[in-house]
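Structure assessment
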Amino acid sequence: MALTVYDLWKSYHEKLDTEVTLSGWVRTSRTSKSFGFIELNDGTHFKNIQVVFGENLNNFDEISKISLGSSINVNGKLIKSPGDKQPFEISASSIEILGFCDPEFPLQKKRHSPEYLRTIAYLRPRTNLFRAVFKVRSLLAFAIHKFFTEKNFVYVHTPIITGSDCEGAGEMFGVSTLDMNNPPRTEDGKIDYSKDFFGKQTNLTVSGQLAVENFCMAFRNVYTFGPTFRAERSNTQRHASEFWMIEPEMAFSDLNDNMDTAEEMVKYLIRYVLENAPEEMEFFNQWVDKGLLERLNFLLNSDFGRVTYTEAMDALIKSGKQFDYKPEWGIDLQTEHERYLTEEVYKRPVFVTNYPKGIKAFYMRMNDDGKTVAAMDLLVPGVGEIIGGSQREERLEMLEKRITEMGLKKEDYWWYLDLRRYGTNKHCGFGLGFERMVMYMTGVENIRDVIPFPRTPKNAEF
RNA sequence: GGGAGCUUAGCUCAGUCGGUAGAGCAACUGGCUGUUAACCAGUUUGUCGGGGGUUCGAGUCCCUCAUCUCCCGCCA
């Protein structure tokens, strides 16, 4: 394979004073009358390589005026740099323009606002910020598989098109091939989905959890990692219509095992990225969030907080702070409450456990007090809720009772209920919002800026 | 789904009391023998988001539509 920028940064010592050939894009250029500098990058490494050129080039005039974004091929000698900003550089003997970049190119040699860059999402991966973000996103995805594989978890591909019509995790996008202008109707005038592609109403998945629980009962420790879809009209910095989720599920385990795994995983992911993307992380620390590295390193060396919902509510009430929503046992934690807890009270990630049953899903295990369920949310400073999980209700009678209480139909969950008939056991799992992890890792504040082509209400451009 | 704010040059933004359009950067031209978001000099750039209204006169005030952003709800 051809030499890359990555190769040179890793082993330039060995190649000093040898002839090299390198292709890439012009990131910036600075020229004088008889010489000039080009910062070259081919995307394989965060840092650029400086190319020095002089009047010995047969196309010196053309190269002097080269526009930012053009792709070039450079031949020259790798030498120690006289400048102190870089240890080495290429002294060019020839430079070929492979693809000229039109001066209309919208990316300039200056900072652009993230809002503007969203309007040119097809070009933004060429900026420093987005190259760093998407490199970290890639590393995080790999680290997730690495973590679970090392722990002997089995990766399960749960379906993206689902036929279970009430997963209870949010509004769903329908999947249909019916003619929307003239759909078949049943006798009572409703749309007749028995005529649809799958012979029933189907949707894009909102969670792989119910499906992955089945594999949990076969492999003990499993996880899914894939796209999920929510048709909520959420207009916030941390919600997207299409996002990725990691959902591990563990048999013969309880809520404490669940939190232990979640904490170990989050720390593993952070450590992996810090070790494998030091340049990108330094960039975030300098330009996006000044306290990022300090906060992440502190986190690695501390235990996450663990409090019950009841204790958290007491802390909110006792704080005396004026909230828009008055804290009171039984209400769900509002965003302002969550942020206050993780950012002001504990100043680190904190698990909140054992929520009132009325505000949580039907499958969460009823505690002995009859009032709370074995749920846990992980709140982190700056992002808020990053993980939601629970110990699952393993007792058939109790699960049926909860389904009825919540106004759901047992028939819709017949195969899920069967798990409680065929060798049931206490088990647990959680969902980690992948993008929220990327946000926490990079300090980037808007979920639209950690997804290559984000989908949000009224926006599916590119 | 509820609420608030924004929209002025390619980008980032200023525009006073309602009086007829500005800066920096970019681009372009020229200069410069080691630059580091290079520097210096000059030149070019406008449907002031769309529509309507008030007024002698609207970027500025009012109505309306749209976009974007932020907050809340939903959740990851």
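I will try to describe carefully the structure that is included in this document.

Calculation notes
Think of each chain on its own: its residues are numbered from 1, step by step along the sequence as written. Lettering for chains starts from A, numbering for ligands starts from 1, and both go in the order in which the items are written. Local features in a predicted model are, by the rule used here, given only for residues with pLDDT of at least 70; side-chain atom pairs are given and counted only at 80 or more, and totals for whole chains, interfaces and linings are based on all residues. The side-chain figures draw on all heavy atoms in the structure; neither hydrogens nor water molecules are used. For this analysis, a ring pair means two rings from Phe, Tyr or Trp (six-membered ring only for Trp) whose centres lie within 6.5 Å, classed as stacked if their planes differ by under 30 degrees, edge-to-face if by over 60, and tilted for the remaining angles. To qualify as a helix, a DSSP run of H or I must reach at least 4 residues; to qualify as a strand, a run of E must reach at least 2; elements of each kind are numbered from the N terminus. Relative accessibility decides the category of a residue: with a 1.4 Å probe and only protein chains considered, values under 20% of the type maximum give buried, values over 50% give exposed, and everything between is partly exposed. Over a ring means this: the NZ of a Lys or the CZ of an Arg is within 6 Å of the ring centre and within 35 degrees of the ring normal. Should DSSP find at least two bridges between two strands, the strands are regarded as paired. Residue contacts are counted whenever heavy atoms from the two residues lie within 4.5 Å of one another. This arc is taken over the directions from the axis of the helix to the C-beta atoms. Axis definition: a line fit to C-alpha positions, over the contact stretch in the case of helices; interaxial angles, taken between N-to-C directions, run 0 to 180 degrees. Side-chain atoms within 4.5 Å are what join buried Ala, Val, Leu, Ile, Met, Phe, Trp, Tyr and Cys residues into a set we call a nonpolar core. We call a residue near a molecule or strand as soon as one heavy atom of that residue lies within 4 Å of the molecule or strand. Under this definition, polar contacts are N or O atom pairs within 3.5 Å; protein pairs additionally need one hydrogen-donor-capable and one acceptor-capable atom, and for neighbouring residues in sequence, both atoms have to be side-chain atoms. Any residue outside Ala, Val, Leu, Ile, Met, Phe, Trp, Tyr, Cys, Pro, Asp, Glu, Lys and Arg is labelled polar, Gly included; the first ten of those are nonpolar and the last four are charged.

1. A few points about the packing of aromatic side chains
Enumeration according to the criterion identifies 27 aromatic pairs in this entry. For the ring pair W9 and F88, a centre distance of 4.9 Å and an interplane angle of 65° mean the geometry is edge-to-face. Linking W9 in helix α1 (residues 5-15) with F88 in strand β5 (residues 88-99), this pair joins segments that are 79 residues apart in sequence. The residues W9 and F88 share a single accessibility class, namely buried. Measuring from centroid to centroid gives 4.4 Å for Y12 and F88, while their planes differ by 25°, and the two rings are stacked. Of the two residues, Y12 sits in helix α1 while F88 sits in strand β5, which places them 76 residues apart along the sequence. The structure contains a cluster of three or more aromatic residues connected by ring pairs, namely F147, F148, F153, Y155, Y223 and Y268. Over the face of the ring belonging to Y416 we find R420, whose NZ or CZ atom lies 4.2 Å from the ring centre.

2. A look at the pairing of strand β12 (residues 305-308)
Because side chains alternate across β12, one face comprises the buried residues G305 and V307, and the other comprises R306 and T308, none of which is buried. Two strands pair when backbone bridges link them, and β12 and strand β13 (residues 350-356) are joined in this way by four bridges, in the parallel orientation. By the bridge assignment for β13, G305 is matched with V350.

3. Let's talk about the environment of Q391
Its place among the elements puts Q391 in strand β15 (residues 384-391). Its relative accessible area of 8% is what places Q391 among the buried residues. For the pair Q391 and E249, spaced 142 residues apart in sequence, the C-alpha to C-alpha distance is 9.5 Å. Ignoring anything within four residues of it in the chain, the contact list for Q391 reads S253, D254, L255, Y363, M364, R365, A374, K426, H427 and C428.

4. Comments concerning the sheet that holds strand β8 (residues 174-175)
Judged by pairing direction, the sheet is antiparallel, and its three strands sit side by side in the order β7-β9-β8 without closing on themselves. Taken across any chain shown, the strands that pair with only one partner, and hence form the sheet edges, are β7 (161-162) and β8.

5. Some words on helix α11 (residues 396-405)
Along α11, the positions that sit buried rather than exposed are L399, E400, R402 and I403. One side of α11 holds all its buried residues, which, seen down the axis, span an arc of 160°. Those residues of α11 that are exposed and aimed more than 90 degrees away from the buried face are E397 and T404. Positive backbone phi, approximately 75°, marks G407, located one or two places after α11.

6. Some words on the sheet that holds strand β1 (residues 19-31)
Pairing between sheet strands relies on hydrogen bonds along the backbone, with the strands arranged either parallel or antiparallel. Taken in spatial order, the five strands close into a barrel running β1-β2-β3-β5-β4, and their pairing is mixed. Neighbour to neighbour, the strand axes of the sheet diverge by 55° on average, direction disregarded. Sheet topology places strand β3 (residues 49-54) next to β5; two bridges connect them, and they run parallel. Residue pairing across strands places V51 opposite I90, the latter belonging to β5.

7. Here's the deal with the nonpolar core
I270, M281, I387 and M441 are the most contacted members of the largest nonpolar core, which has 67 residues in total. If you tally residues by element for this core, the top one is helix α4 (residues 128-150), at twelve residues. Residue contacts for I387: discarding those within four places in its chain leaves A262, M265, V266, M376, D377, L378, F430, G431 and L432.

8. Section: the protein's contact with RNA strand B
Close contacts around RNA strand B come from 50 residues, with R30, K110, H239, I386 and R436 the closest. For RNA strand B, the backbone makes up 52% of the atoms found within 4 Å of the protein, where backbone means sugar plus phosphate. Within the backbone of G431, a nitrogen or oxygen atom sits 3.5 Å from a sugar or linking oxygen of RNA strand B. Elements that contribute at least two residues to the surface near RNA strand B include exactly β1, β2 (35-41), α3 (114-119), β11 (242-251), β15 and β16 (427-433). If you tally residues by element for the surface near RNA strand B, the top one is β15, at four residues. Considering only residue class, the surface near RNA strand B consists of eleven nonpolar, 21 polar and 18 charged.

9. Examining the side chain of N258
Inspection of the secondary structure puts N258 in helix α6 (residues 255-276). Beyond its immediate sequence surroundings of up to four residues, N258 is in contact with M250, M376, G389, S390, C428, G429 and F430.

10. Things to note about unusual backbone geometry
If a residue is not glycine, its phi is most likely negative; likewise, a peptide bond is most likely trans. In this structure, N152 is a non-glycine residue whose phi angle is positive, near 65°. In this structure, N152 sits in the loop between α4 and β6 (154-155). Of the residues examined, N152 reaches a relative accessible area of 62% and is grouped as exposed.

11. Some thoughts on the environment of R421
Tracing the backbone through its elements, the reader meets R421 in the loop between α12 (414-418) and β16. When the C-alpha positions of R421 and N48 are compared, they lie 60 Å apart, and in sequence the two are 373 residues distant. Aside from chain neighbours lying at most four places away, what touches R421 is L396 and E400. In this structure the side chain of R421 is engaged in a polar contact, spanning 2.5 Å, whose partner is the side chain of D418.

12. A short note on helix α10 (residues 335-345)
Looking only at α10, the buried set comprises H337, E338, Y340, L341 and T342. Packing partners of the buried residues in α10 comprise α9 (309-319), β13, β14 (372-380) and β15.

Everything listed is a geometric property; what it means functionally is a separate question.
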